[in-house]
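# Tertiary structure, described
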Amino acid sequence: MDIFECIQKRYSYRGSYMKTAIPRENLEKIIRAGLLAPSGCNKQTTSIIGIDDQQILDSITSLINKNGFTGKTAPAGICILTQEIPGYADVYFNIQDYSAAIENMLLAITTLGYASCWIEGQITESTETQKQIANLLNIPADYIVVGFLPIGIPENEGKRPSYKSFSQRAWYNTYGSDE
Ligand SMILES: Cc1cc2nc3c(=O)[nH]c(=O)nc-3n(C[C@H](O)[C@H](O)[C@H](O)COP(=O)(O)O)c2cc1C
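Below is a summary of the structure that appears in this document. Along each chain, residues carry numbers from 1 onward, in the same order as the chain's sequence is written. With pLDDT at 70 or above as the cut-off, local features in this predicted model cover only qualifying residues; side-chain atom pairs require 80 or more to be listed or tallied, and sums for whole chains, interfaces and linings still use all residues. Note that the side-chain values use all heavy atoms of the structure and ignore hydrogens as well as water.

Moving on, we get to the pattern of salt bridges. In what follows, salt bridge is the name for a side-chain nitrogen of Lys or Arg lying within 4 Å of a carboxyl oxygen of Asp or Glu. For the structure shown, the criterion picks out two salt bridges. A salt bridge links Glu28 to Arg32, with the shortest nitrogen-to-oxygen separation between them at 2.8 Å. Of this pair, Glu28 and Arg32 both sit in helix H2 (residues 24-35), four residues apart, roughly one helical turn. For every residue, the accessible area obtained with a 1.4 Å probe (protein chains only) is divided by the maximum for its type, and the residue is called buried under 20%, exposed over 50%, and partly exposed between those limits. In this structure Glu28 comes out as partly exposed when scored by relative accessible area, which is 41%. Strands here are runs of E lasting at least two residues and helices are runs of H or I lasting at least four, both read from the DSSP assignment and numbered beginning at the N terminus.

A separate point is the site of the ligand. Definition of nearness: a residue and a molecule or strand are near each other if at least one heavy atom of the residue lies within 4 Å of the molecule or strand. As a structural note, the neighbourhood of the ligand is formed by Arg10, Tyr11, Ser12, Arg14, Cys117, Trp118, Ile119, Glu120, Gly121, Gln122, Pro161 and Tyr163. N or O atoms closer than or at 3.5 Å make up a polar contact, with two conditions inside protein: a donor-capable atom paired with an acceptor-capable one, and, for residues adjacent in sequence, both atoms drawn from side chains. The contact in question runs from an oxygen atom of the ligand to an N or O atom on the side chain of Ser12, over 2.5 Å. Between the ligand and the protein, one listed contact pairs a nitrogen atom with a backbone N or O atom of Glu120 at 3.2 Å. Protein burial of the ligand: of its 630 Å² of free accessible surface, 65% is covered by the chains. Only the protein chains shown count as cover for residues, and the accessible areas themselves come from Shrake-Rupley with a 1.4 Å probe.

With that out of the way, let us pick up the environment of Thr124. Along the chain, Thr124 falls in helix H5 (residues 121-124). Judged by relative accessible area, Thr124 falls into the partly exposed class, the value being 31%. C-alpha of Thr124 to C-alpha of Gly34: the two residues are 90 residues apart in sequence and 20 Å apart in space. The residues contacting Thr124, other than those within four sequence positions of it, are Gln130, Val145 and Val146. The criterion used for residue contact is that any of the two residues' heavy atoms lie within 4.5 Å.

Quick look at the nonpolar core now. Here, the term nonpolar core denotes a set of buried Ala, Val, Leu, Ile, Met, Phe, Trp, Tyr and Cys residues that are joined through side-chain atoms within 4.5 Å. Among the nonpolar cores identified, the biggest contains 19 residues, and Ile30, Ile78, Ile80, Met105, Leu149 and Ile151 are the most heavily contacted of them. When contributions to this core are tallied by element, the ones reaching two or more residues are H2, strand S2 (76-82), helix H4 (94-111) and strand S5 (144-151). In terms of residue count, the dominant contributor to this core is H4 (six residues). Apart from the residues lying within four places of it in its own chain, the contact partners of Ile30 are Ile78, Met105, Ala108, Ile109, Leu112, Tyr114 and Ile151.

With that settled, the discussion passes to a nonpolar patch on the surface. Side chains of Ile3, Phe4 and Ile7 sit close together on the surface and give an oily, nonpolar patch of about 330 Å² of accessible area. Looking at the secondary structure, you find Phe4 in helix H1 (residues 3-9). Exposure above 30% relative accessible area and no salt bridge define the residues that can form patches, which grow by joining like charges within 9 Å and nonpolar side chains of Val, Leu, Ile, Met, Phe, Trp and Tyr within 5 Å.

Let us now look at the packing of aromatic side chains. Two aromatic rings from Phe, Tyr or Trp, using only the six-membered ring of Trp, form a pair when their centres are within 6.5 Å; if the ring planes differ by under 30 degrees the pair is stacked, by over 60 it is edge-to-face, and anything between is tilted. Within the structure shown, the criterion is met by five aromatic pairs. Between Tyr13 and Tyr17 the ring centres are 5.1 Å apart and the planes differ by 80°, which places this aromatic pair in the edge-to-face class. The exposure class assigned to Tyr17 is buried, which follows from its relative accessible area of 3%. Aromatic pair Trp171 and Tyr175: ring centres 4.4 Å apart, planes at 50°, arrangement tilted. The rings of Tyr11, Tyr13 and Tyr17 are connected pair by pair, giving a single aromatic cluster.

Shown next, in the form of structure tokens:
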């Protein structure tokens, strides 16, 4: 699959997943894709925990499930952590850093034939959920849990949302041009 096909194919899957295990080799490819993302001033503020232990997965998904999470049958997942380290002075890029890492991982997940969904709102809307996940995974206090990506072979075909048209959101040379 070339990169453009992969970008086209990626979407947020919120259905259930097949039980088929994710080989460590693939999980590592996905994690490495995240670690290779650009980061502001190369501060590499994003850290990643790959999870393929069923008990840990069950505990995480039940914590997120309180907030309406639907991908709870995934056989693996990725927990995304950030550190609030300034790029320079009091300028922080850590949100952009982990966003770039997440997108790299979503594309890697897609290219390997798996589905996923960027779960962030359902974690960060509750500091309690963030803390509970941090406790569960033994995460030190200077890291913040910001996201979770379920990973697995989708059991059904998910629904793609509709997107605004190209001309509503992108132009050549000047805003709103019809070139
Ligand atoms: C910062 C951010 C937070 C998100 N948080 C959640 C979430 O908590 N739960 C969820 O189901 N989807 C979440 N999503 C996925 C978006 O809802 C999804 O990307 C959007 O609806 C567009 O759909 P698509 O990914 O299928 O193109 C999040 C996406 C982003 C970028």
